[in-house]
There are 2 protein chains.
Amino acid sequence: MTDEAPTLTRTLLAAPFHEDSRTALLVLGEKGLHHRWRRENHLNITDDIRALNPAGRLPILLEDQGGETVVICETRSLLPYVEDITPNAPLHPPTPLGRAEMWRLINWFEVSFAQQVGQTLVYEKIDKALGKMGPPDAQAMRLGLYELRGHLEYLGWLLDRRHWLVGDHMTLADLVGAAHLSLVDYLGDVPWSQAPLVKEWYARLKQRPCFRPLLDVQVPGLPPVPEYYDLDF
Amino acid sequence: MTDEAPTLTRTLLAAPFHEDSRTALLVLGEKGLHHRWRRENHLNITDDIRALNPAGRLPILLEDQGGETVVICETRSLLPYVEDITPNAPLHPPTPLGRAEMWRLINWFEVSFAQQVGQTLVYEKIDKALGKMGPPDAQAMRLGLYELRGHLEYLGWLLDRRHWLVGDHMTLADLVGAAHLSLVDYLGDVPWSQAPLVKEWYARLKQRPCFRPLLDVQVPGLPPVPEYYDLDF
């Protein structure tokens, strides 16, 4: 298993308001993997990005390994890779069943939550503001808020049984979940008072140093709610 | 790391014409993991399925482990789990970079190929026939055929450089790719003569015993083209 070489330089191509990009920022930060963040726009995928990832998706991690550039594309590949190269700072559970549960929850955020909350609420407010695509659609936002409540209920049910999403220890699933929730938190749309266990779990994550880069970025013309900066909200 | 217990019984809930379900059938077969196949309909997700997987998606693997039923949901979780419990029959490459490339390609099939070819060509012909949802849309099918050619070109480019998709050895990426291509092959829509390297690679996979369950199922009223049964087409 290869490990951090002292001369290795690492660049992360990630978009500030794109959930999977935010996952990569959190995971690299939490792992202590030093990197330069090259800010990209997830709504405008350039030929430059497509040359690195034929699927045309972010995030993309570039590593200079002795003059050769290694390209790691998207969370599906980046998450196992980062875990592979940092065996001394594990964010995987120690058992096969624990890891299976972690991947199930990661998929639940990246597919279910992203489609039902991200593609409605976050898309209507943040993506449309970023891309100057006109006003948000009220019905889509209402649907997003409704779906958000259902997803918070399920997270609350899990966190009534477990300290972190998969069990006693923080795993990649917690960071993926925090990345997805962070954009709804930016908007001030999370009904925290109705989800106290989720709030307590999210506050624990938001207080970690890896969260700082996410708190430093703003959508032009759409500042976050003041509570976004409150680590103990 | 736990391994096959002699009394373990395993049931796979999988839909015959659903790409991710076919991936699970191929991987369990290739790994020699004995299981019962409970056939499901991916177009009609029952409450029974939702109780096992809140995301309401197939495939789902059930394992009876000493009286307790363990539930493993969807390929995102099932693929790492199956690899974890069969360390002596690896379908992962041996290096972090090899594994990163494998996951990149798996994601390319499960997202890009599935959206651009599966959701057009396969959906219009197979899903609509299965669900009695009316005739296929000609324009969507033309778009699917166009996208298929682009995807075959990229696969051909890879297979000009590598014997299997990731390198010298078969990995999970080859089985995932074969699962996705198999439904287009069922329809007779793959322009094999224009993709000789992809044809040779796919023929190698189709000849493996793990493929047999896929060849044994038929869409009612829509039999496969005769070449579907030809392992050396």
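Figured I'd write up the structure that's included with this text.

Quick notes on the overall build of chain A
Then, in step 1: Within chain A one finds eight helices and four strands.
Then, in step 2: Counting from the amino terminus, helix and strand elements in chain A follow one another as β-α-β-α-β-β-α-α-α-α-α-α.
Then, in step 3: For chain A, the spread of C-alpha atoms along the principal axes amounts to about 50 × 45 × 30 Å.
Then, in step 4: Each of the 233 residues in chain A was classed as buried or not, and the buried ones make up 57%.
Then, in step 5: A separation of at least 24 residues holds for 69% of the contacts in chain A among residues at least 6 apart in sequence.
Then, in step 6: Working note: accessible area of chain A is about 10,100 Å², and carbon and sulfur atoms make up 51% of it.
Then, in step 7: Distance between charge centres in chain A, computed from 23 positive and 31 negative side chains, equals 3 Å.

Brief notes about the interface of chain B and chain A
Then, in step 1: The partner chain A presents 33 residues to the 33 residues of chain B that form the contact.
Then, in step 2: For the pair chain B and chain A, the two sides together bury roughly 2,600 Å², of which 59% comes from carbon and sulfur.
Then, in step 3: Notably, a salt bridge pairs Arg-76 of chain A with Glu-110 of chain B, separated by 2.9 Å at the nearest N-O pair.
Then, in step 4: Inspection of the chain B/chain A interface yields 10 residue pairs in polar contact (both at pLDDT 80 or more).

Some thoughts on empty space enclosed by the protein
Then, in step 1: A full pass over the atoms with the stated rule returns one cavity of 30 Å³ or more.
Then, in step 2: The volume enclosed by the largest cavity comes to roughly 30 Å³.
Then, in step 3: Around the largest cavity sit Arg-76, Pro-80 and Trp-103 of chain A together with Arg-76, Pro-80 and Trp-103 of chain B, which together line it.
Then, in step 4: Elements represented by at least two residues in the lining of the largest cavity include exactly helix H3 (74–85) of chain A together with helix H3 (74–85) of chain B.
Then, in step 5: Across the lining of the largest cavity, the residue classes break down as four nonpolar, no polar and two charged.

A look at the sheet that holds strand S2 (residues 36–39) of chain B
Residue and element names in this part refer to chain B.
Then, in step 1: Strand order in this open sheet of four strands is S2-S1-S3-S4, and the pairing throughout is mixed. Every interior strand has two partners, whereas the edge strands, S2 and strand S4 (68–73), have only one. The average undirected angle you get between the axes of adjacent strands in this sheet is 20°.
Then, in step 2: Direction of pairing for strand S1 (residues 9–14) relative to strand S3 (residues 60–65): antiparallel, over a ladder of five bridges.

What about helix H1 (residues 19–31) of chain A?
Residues and elements named next belong to chain A.
Then, in step 1: Its 13 residues give H1 an end-to-end C-alpha distance of 18 Å, which sits within 8% of 18 Å, the value for a rise of 1.5 Å per residue.
Then, in step 2: For H1, the full list of buried residues reads Glu-19, Ser-21, Arg-22, Thr-23, Ala-24, Leu-25, Leu-26, Val-27, Leu-28 and Lys-31.
Then, in step 3: Count one or two residues on from H1 and you reach Gly-32, which has phi positive near 70°.

Examining the environment of His-18 of chain A
All names here are of chain A.
Then, in step 1: Examined against the element boundaries, His-18 turns out to sit in the loop between strand S1 (9–14) and H1.
Then, in step 2: Taking relative accessible area as the criterion, His-18 reaches 14% and is therefore assigned buried.
Then, in step 3: With 108 residues separating them in the primary sequence, His-18 and Ile-126 have C-alpha atoms 9.7 Å apart.
Then, in step 4: Once residues lying within four places of it in the same chain are set aside, the contact partners of His-18 are His-42, Leu-58, Pro-59 and Leu-183.
Then, in step 5: In terms of polar contacts, His-18 uses its side chain to reach the side chain of Ser-21, at 2.7 Å.

Thresholds, definitions, all that
- Residues numbered from 1 in each chain as written.
- Chains lettered and ligands numbered in written order.
- Predicted model: local features only at pLDDT ≥ 70, side-chain atom pairs only at ≥ 80, totals over all residues.
- Heavy atoms only, no water.
- Helix = DSSP H or I, 4+ residues; strand = E, 2+ residues; numbered from the N terminus.
- Buried < 20%, exposed > 50% of the residue type's maximum accessible area, 1.4 Å probe, protein only.
- Contact = heavy atoms within 4.5 Å.
- Areas by Shrake-Rupley, 256 points an atom, 1.4 Å probe, with all protein chains shown as cover.
- Lys, Arg positive; Asp, Glu negative; His and termini not counted.
- Charge placed at Lys NZ, Arg CZ, Asp CG, Glu CD.
- Buried area = accessible area lost by both parts, 1.4 Å probe.
- Salt bridge = Lys/Arg side-chain N within 4 Å of Asp/Glu carboxyl O.
- Polar contact = N/O pair within 3.5 Å; in protein donor to acceptor, adjacent residues only side chain to side chain.
- 1 Å grid on protein atoms, 1.4 Å probe; cavity = no way out; pocket = protein on both sides within 12 Å on 5 of 7 lines; lining within 4 Å.
- Points joined across faces, edges and corners; volume = space filled by probe spheres on them.
- Nonpolar A, V, L, I, M, F, W, Y, C, P; charged D, E, K, R; others polar.
- Pairing = 2+ DSSP bridges.
- Axes fitted to C-alpha atoms, helices over the stretch in contact; angles between N-to-C directions.
- Expected span 1.5 Å × (residues − 1).

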